[in-house]
Amino acid sequence: GCFLLWLLPSILRARASPETRPSSPLCQQSPTKVSCKGVGLRKFPKELGQGIKYLELSNNFIQNLSGSNLPGFGQLEYLDVCFNQLEAVSATALAQLPRLRSLLLGSNHLDRNYLANGEAFHLLRNIEVLDLSVNNLESHMASWYISNLTSLRVLDLSGNTMTKLLAGTFRSSPRLRQLDLSNNYIMEIQEGAFEPLEELEVLNLALNSLHCISGFSLTQLQVLNLSHNALELFFSEEGAEPYLLRVLDLSHNRLLSFPELPKAHDLTHLNLSNNLIASLLPGSPHPREFVLLYKEMQRFNRTTRPVATLTHVADLDLSNNRLELFPFSFFRSLGSLHRLSLARNCLQDMAREPVSNGTELSVRSLDLHSNALCVLPRWFFDSLTHLESVDLGSNSLQPCEGQRSDQGRDSGEDSPTTAPGDTCTPFYNVPRLKHLSLSKNNISRLQPHAFNRTPLLSLDLSGNRDLSMPTGALGGLELSLQQLSLRDNQMNESQAALPCLGTLRVLDLSGNHLSLLPAGLSCSPLESLDVRENNLRTLGTVGSWSRSLRAVAVAGNPWSCCSLGWLD
């Protein structure tokens, strides 16, 4: 009896072990789905019952899948064993999974025993989704694992140690639609490697070591990610069959010119950020940094327009390049372009060629922040008739003085009080512009009516040290402006004269030297007010926003404990 009492706790622990009874609280189970994620399993669980179709075993310590561990799993369709210590998969185990469609084995040790494991994988003839990411697989290992998977639709080989794509790697997987090869060390793609993949739609080759893409012929591809490589050349073949490519990411490379895309008629998103592109004009010579002389360069026709067929591009990112000129002529044929980013370039001027009638740009959102712009001419805005949002932060632009609306009606003219010259930019009378950022432009004084007849909803004037805003500077925005930022301007109350902004809801006055709030706030229905890091001792008389205010930040002020009535 004493022996049985001593043994009883061990018996109870064994019966409750997660390895033998996954229906314990450690695992979550429904009639067809079981999740044992991160419960400390070291072996494949048993006694799960019949009819299970979905089994999740990720984040455990399982080292092998053997046939003795898989009785009664004939209905299983989805198996996730990611983030384990898996290094051996037996053929007898996989033979008991005839209906398996998705097998996720990422972040294991399948580089070990890869010959035997790959032989076992030949039984996965119905597998459609396979994850072999982060398994330290070399190129020949990956080829062996998928050498007989004829039904494969989705394959993830990211995060391995592949250095080249062999010509026959995908010979047995002609039905692949999505292929992830990112975060490897691929430097070479052998000729014909992708030729069997006539149904491939999404290809990710990001974070590799590719230097050149020439003769690109995957016409059926819709999404291609080549970001974070070392590409200096991208050239697609000009065949009779058009490309179906819609999204192309070539960011974070070493491209020196706009890519040649003669047949990419369906392209809608093109990312060329973080390259070395210095000019977009046709016929521009390559900069001196171009030291690799490819024979493919002889195929370039420098008289052609590289964007002539990109009529559907809606999003173009050219940020973080070396452009010095904004060439309107380059964007004329991009009739669908809605979002354009040229941020963090070296832009100093606009190409001196006003766009004629009928060739206005369709851009709605324009990002030009962190350049070297000093003046934008009037025709710049006249050519961007659909412009709704523009970020001009971190430049050196000075707004021109505008004209009061009533004066314009009386005189029958829309011209400013003083015609804009070469030293200021006219931001007035831009009829569709709703969002404008002029942060960090070294603006010392905002001229009266600078934004008149421009229906701004948000205006960012932050980071303009010692900015002075006289009465009437925001004239014309009384019935439209909803968000205003005057953050970090070191302004005192005499420099911050606000009109009665009847729709203002968000105001940032932090980082100034205000001892009093602007009197014009009394009629604004504020919902958010930030007055941190000022010289306020009291908020004074709280206006109409006493009931509308929902968020207020007041830290960093020398509040007077005897003048806190405004808190009520």
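By the naming in an unreviewed UniProt entry, the chain is LRC32 protein, taken from Melanocharis versteri.

### Quick notes on the overall build of the chain
Regarding its fold elements, the chain presents seven helices and 30 strands. Evaluated residue by residue, the chain yields a buried proportion of 48% over its 568 residues. Sequence separation of at least 24 residues holds for 51% of the intrachain contacts in the chain that already meet a minimum separation of 6. Counting every atom, the chain has about 26200 Å² of accessible surface; 50% of that belongs to carbon and sulfur.

### Concerning the confidence of the model for the chain
Looking at the chain as a whole, the pLDDT averages 86, with 84% of positions reaching at least 70. A low-confidence stretch, residues 1–24 (pLDDT under 50), is modelled with 20 contacts involving residues beyond four sequence positions or located in other chains. When the criterion is pLDDT under 50, residues 408–419 qualifies, and its contacts beyond four places in sequence or with other chains add up to 17 contacts.

### Quick word on the state of the cysteines
For the coordinates displayed, the defined rule picks out three disulfides. Put simply, Cys27 and Cys36 are joined by a disulfide, and their sulfur atoms are 2.3 Å apart. The sign of the S-S torsion, about 120°, decides the handedness of the disulfide formed by Cys27 and Cys36: right-handed. This pair shows no difference in class: Cys27 is buried, exactly as Cys36 is. With a sulfur-sulfur separation of 1.8 Å, Cys500 is cross-linked through a disulfide to Cys523. Taken together, the positions of Cys500 in the loop between strand E27 (483–485) and strand E28 (506–508) and Cys523 in the loop between E28 and strand E29 (528–530) put the pair 23 residues apart, joining distant regions of the chain.

### What to know about unusual backbone geometry
One non-glycine residue, Asn183, lies in the positive phi region at around 55°. With respect to the helices and strands, Asn183 occurs in the loop between strand E11 (178–180) and strand E12 (188–189). Positive phi outside glycine occurs at His252, with the angle close to 55°. Assignment of secondary structure puts His252 in the loop between strand E17 (247–249) and strand E18 (269–271). In this structure His252 comes out as partly exposed when scored by relative accessible area, which is 32%.

### Focus: the pairing of strand E16 (residues 233–236)
Here E16 shows a buried face lined by Leu233 and Phe235 and a second buried face lined by Phe234 and Ser236. Both strand E14 (residues 212–216) and E16 contribute to a ladder of four bridges, which runs parallel. Across the sheet, Phe216 pairs through a bridge with Ser236, a residue of E16.

### As for the packing of aromatic side chains
Across all of its chains, the model carries 14 aromatic pairs by this definition. Both rings, one in Phe330 and one in Phe331, keep their centres 5.3 Å apart while their planes meet at 85°; by these two values the pair is edge-to-face. Here the two residues Phe330 and Phe331 agree in accessibility, since each one is buried. Ring pairing ties together the aromatic residues Phe258, Phe326, Phe328, Phe330, Phe331, Trp379, Phe380, Phe381, Phe427 and Phe451, which thus form one cluster. Between Lys33 and the ring centre of Tyr54, over which it is positioned, the NZ or CZ distance is 4.5 Å. Between the NZ or CZ atom of Arg378 and the centre of the ring of Tyr428, over which it lies, the distance is 5.4 Å.

### Re the side chain of Asn441
Here Asn441 shows up in the loop between strand E25 (435–437) and strand E26 (458–460). A polar contact of 2.8 Å, which involves the side chain of Asn441, links it to the backbone nitrogen of Leu397. Setting aside its immediate chain neighbours within four residues, Asn441 contacts Leu392, Gly393, Ser394, Asn395, Ser396, Leu397, Gln398 and Asn464.

### A look at the environment of Gly38
Checked against the element boundaries, Gly38 lands in the loop between strand E2 (33–35) and strand E3 (54–56). A residue is classified by how much of its surface remains accessible, and Gly38, at 48% relative accessible area, is partly exposed. Separated by 19 residues in sequence, Gly38 and Leu57 place their C-alpha atoms 7.4 Å apart. Beyond its immediate sequence surroundings of up to four residues, Gly38 is in contact with Ser58, Asn59 and Asn60.

### Observations concerning the side chain of Asp315
Considering the arrangement of structural elements, one finds Asp315 in strand E19 (residues 315–317). In this structure the side chain of Asp315 is engaged in a polar contact, spanning 2.8 Å, whose partner is the side chain of Arg339. Apart from residues no more than four positions distant in its own chain, Asp315 is found in contact with Thr268, His269, Leu270, Leu337 and Arg339.

### Some thoughts on the nonpolar core
With 143 residues, the main nonpolar core has Leu79, Leu181, Leu316, Phe331 and Phe451 as its most contacted residues. Mapped by element, the contributors of at least two residues to this core are helix H2 (91–95), helix H3 (114–121), helix H4 (139–145), E14, helix H5 (328–331) and helix H6 (378–382). Here Leu316 is in contact with Phe258, Leu270, Leu272, Phe331, Leu334, Leu337, Arg339, Leu340 and Ser341, once residues within four sequence places are set aside.

### Examining the environment of Asp382
By the element assignment, Asp382 lies in helix H6. A C-alpha to C-alpha distance of 9.7 Å links Asp382 and Asn429, two positions 47 residues apart in sequence.

### Things to note about the pattern of salt bridges
Within this structure, the stated rule accounts for nine salt bridges. With a closest N to O distance of 2.8 Å, Asp315 and Arg339 form a salt bridge. On the criterion of sequence distance, the pair formed by Asp315 in strand E19 and Arg339 in strand E21 (residues 339–341) is long-range, its members being 24 residues apart. By relative accessible area, Arg339 is classed as partly exposed at 35%. Ionic contacts of the salt-bridge type, sharing partners, join the residues Arg487, Asp488 and Asp508 into one network.

Rules behind the numbers
- Residues numbered from 1 in each chain as written.
- Predicted model: local features only at pLDDT ≥ 70, side-chain atom pairs only at ≥ 80, totals over all residues.
- Heavy atoms only, no water.
- Helix = DSSP H or I, 4+ residues; strand = E, 2+ residues; numbered from the N terminus.
- Buried < 20%, exposed > 50% of the residue type's maximum accessible area, 1.4 Å probe, protein only.
- Contact = heavy atoms within 4.5 Å.
- Areas by Shrake-Rupley, 256 points an atom, 1.4 Å probe, with all protein chains shown as cover.
- pLDDT = per-residue confidence, 0-100.
- Disulfide = S-S within 2.5 Å.
- Pairing = 2+ DSSP bridges.
- Phe/Tyr/Trp six-rings, centres within 6.5 Å; stacked < 30°, edge-to-face > 60°.
- Lys NZ or Arg CZ within 6 Å of the ring centre and 35° of its normal.
- Polar contact = N/O pair within 3.5 Å; in protein donor to acceptor, adjacent residues only side chain to side chain.
- Core = buried A, V, L, I, M, F, W, Y, C linked by side-chain atoms within 4.5 Å.
- Salt bridge = Lys/Arg side-chain N within 4 Å of Asp/Glu carboxyl O.

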